[in-house]
Amino acid sequence: MKFTRLLFAIAGAILPFALQAQSWAWDDGTVPYVQTPMEIVERMLRMAEVHTGDYVIDLGSGDGRIIVEAAKRGARGLGVDLDPNLVNLATRNAQQARVGDKARFEVRDIFETDLSRASVVTMYLLPDFNAKLLPRLLALKPGTRIVSHDGGIGDWPADETLAMRTPEKPVGVGGNSKVELWIVPADVHGDWIAELSGHGGAWRFHIDQHYQMLEVKAQTQGRELLVRNTRLRGEQVKLVVTGLVGNRPWHHYFVGQARGDAIDGEVTVSTGKEQTVYPWHAKRAP
Ligand SMILES: C[S@@+](CC[C@H](N)C(=O)[O-])C[C@H]1O[C@@H](n2cnc3c(N)ncnc32)[C@H](O)[C@@H]1O
């Protein structure tokens, strides 16, 4: 008796999720039309810091709501969708919102859309679909923001994640929404050399990179220093390094912009009492 009750309890817990999953993805793996709730659209645009000067591309634009809202913030945008009726609806919605000059919609396959102009890419697709887009997204200009509603991008860890209850959402797990942000990282892997004439002379950095995550080794005066913290956000590299330089213990805070084979910025060195800022120009080692 108890066992039967338990079975009903398990079935009751699982069934709603199974039904939701079925209604969300078509059997052939394509992505159906489901709207992002307006509150989530607002969060997505805020997370990506969309502003005047941005060019936003929404992959699978539905009724155009993401691009229309981005245009209201001063951005220009392109929405692509396979469904011509949705593209017409989105175009009308943009005109009604008086942003028709900034928001464009095209009948186009996501996989045939040129993303190179984007400073922001938005999507509400399915994880399998996103995973196929990973190589193209990762190859975008460093600093490009990608924001997704309910769907990771393969094994690329997000830079920021927001979870929210969305009772109005017709699909998904129990009225919850997840919004994630990725910032395309610059390629900084390899060996770098820098001359800090006032502080240690020649420095050498070895960087192992996995997406935006870095493992860094730093050396000067024949000694390895302790790299306590690293961050890569688009082109911006930050390193916190401590150790002996000239036989005194120092704390170093390197901040620079990585472009191609150069990192340019500055390093703040301090003992706790004194603090000096030096330029930091690193070049990829030949
Ligand atoms: C879940 S809806 C999202 C709509 C809108 N972006 C939003 O968040 O409200 C996904 C949209 O992607 C479109 N879509 C699916 N596969 C596509 C493809 N390969 N190329 C272009 N659009 C596609 C569908 O027609 C649908 O409108």
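Our subject is the structure that appears above.
The following paragraphs examine the structure supplied in this document. (Residues numbered from 1 in each chain as written. Predicted model: local features only at pLDDT ≥ 70, side-chain atom pairs only at ≥ 80, totals over all residues.)

Side-chain alternation along strand β4 (residues 120-123) places V120 and T122 on one buried face and V121 and M123 on a second face that is also buried. Strand direction decides the pairing type here: strand β1 (residues 55-59) and β4, joined by 4 bridges, are parallel. When the bridges of β4 are listed, L59 appears paired with M123. Each parallel crossover has a hand, and for β4 linked through helix α5 (residues 127-138) to strand β5 (residues 145-149) it is right-handed. (Buried ≥ 20, exposed ≤ 12 C-beta atoms within 10 Å, placed from the backbone. Helix = DSSP H or I, 4+ residues; strand = E, 2+ residues; numbered from the N terminus. Pairing = 2+ DSSP bridges. Right-handed = clockwise from strand over helix to strand, strands pointing away.)

Turning our eyes to something else, we now look at the sheet that holds strand β9 (residues 201-210). Spatial strand order, β8-β9-β10-β11-β12-β13-β14-β15: 8 strands in a closed barrel with antiparallel pairing. Each strand axis lies, on average, 25° off the axis of its neighbour in the sheet, ignoring direction. Note: strand β12 (residues 236-245) against strand β13 (residues 248-259), 10 bridges, orientation antiparallel. Of the residues in β13, the one forming a bridge with T242 is H251. (Axes fitted to C-alpha atoms, helices over the stretch in contact; angles between N-to-C directions.)

Attention now moves to the nonpolar core. M44, V50, V56, I67, A70, A71 and V121 are the most contacted members of the largest nonpolar core, which totals 39 residues. Of all the elements, helix α3 (residues 65-72) adds the most residues to this core, at 5 residues. Leave out the neighbours within four places in its chain, and A70 touches L45, V50, V56, A75 and G77. With 24 residues, the next largest nonpolar core counts V188, L239, V267 and V269 among its residues. (Core = buried A, V, L, I, M, F, W, Y, C linked by C-beta atoms within 7 Å. Contact = placed C-beta atoms within 7 Å.)

The next thing to look at is the environment of T36. Position of T36 relative to the elements: it lies in the loop between α1 (2-24) and α2 (38-47). In this structure, the C-alpha to C-alpha distance between T36 and K169, residues 133 residues apart in sequence, is 7.7 Å. Ignoring sequence-local partners within four residues, the contact set of T36 consists of V41, R65, I66, Y124 and H149.

Further remarks concern the site of the ligand. Around the ligand, the surrounding shell holds 21 residues, and the nearest of these are T36, G60, G62, I110 and Y124. Those elements that place two or more of their residues in the shell around the ligand are α3 and β2 (76-81). Residue composition of the shell around the ligand, grouped by class: 10 nonpolar, 6 polar and 5 charged. (Near = placed C-beta within 6 Å. Nonpolar A, V, L, I, M, F, W, Y, C, P; charged D, E, K, R; others polar.)

Turning our attention to the pairing of β2. Along a regular strand, successive side chains alternate from one face of the sheet to the other. Counting buried residues along β2, 5 of its 6 residues qualify, which places the element largely inside the surrounding structure. Looking at chain direction, β1 and β2 are connected through 5 bridges and run parallel. Considered in β2, the bridge of V56 is made with G77. Crossover handedness for the path β1 to α3 to β2: right-handed. With 5 bridges joining them, β2 and strand β3 (residues 103-107) adopt parallel strand pairing.

Non-glycine residue Y211 carries a positive phi angle of around 55°. Looking at the secondary structure, you find Y211 in the loop between β9 and β10 (213-220). In this structure, Q221 is a non-glycine residue whose phi angle is positive, near 50°.

For α5, spanning 12 residues, the distance from its first C-alpha to its last is 16 Å, which sits close to the expected 16 Å at 1.5 Å a residue. Here α5 has its buried residues at N130, L133 and L137. End-on view of α5: buried residues confined to an arc of 70°, all on one side of the axis. What points out from α5, more than 90 degrees from its buried face, is the exposed set D128 and P135. Against β4 and β5 lie the buried residues of α5. (Expected span 1.5 Å × (residues − 1). Arc of directions from axis to C-beta.)

With that settled, consider helix α4 (residues 84-96). The terminal C-alpha atoms of α4 lie 18 Å apart, and with 13 residues this matches the ideal 18 Å at 1.5 Å per residue to within 8%. Where α4 is concerned, the buried positions are V87, A90 and A94. Considered in projection along α4, the buried side chains sweep an arc of 60° and stay on one side of the axis. The outward face of α4, more than 90 degrees from its buried face, is lined by the exposed residues N85 and Q96. Against α3, β2 and β3 lie the buried residues of α4.

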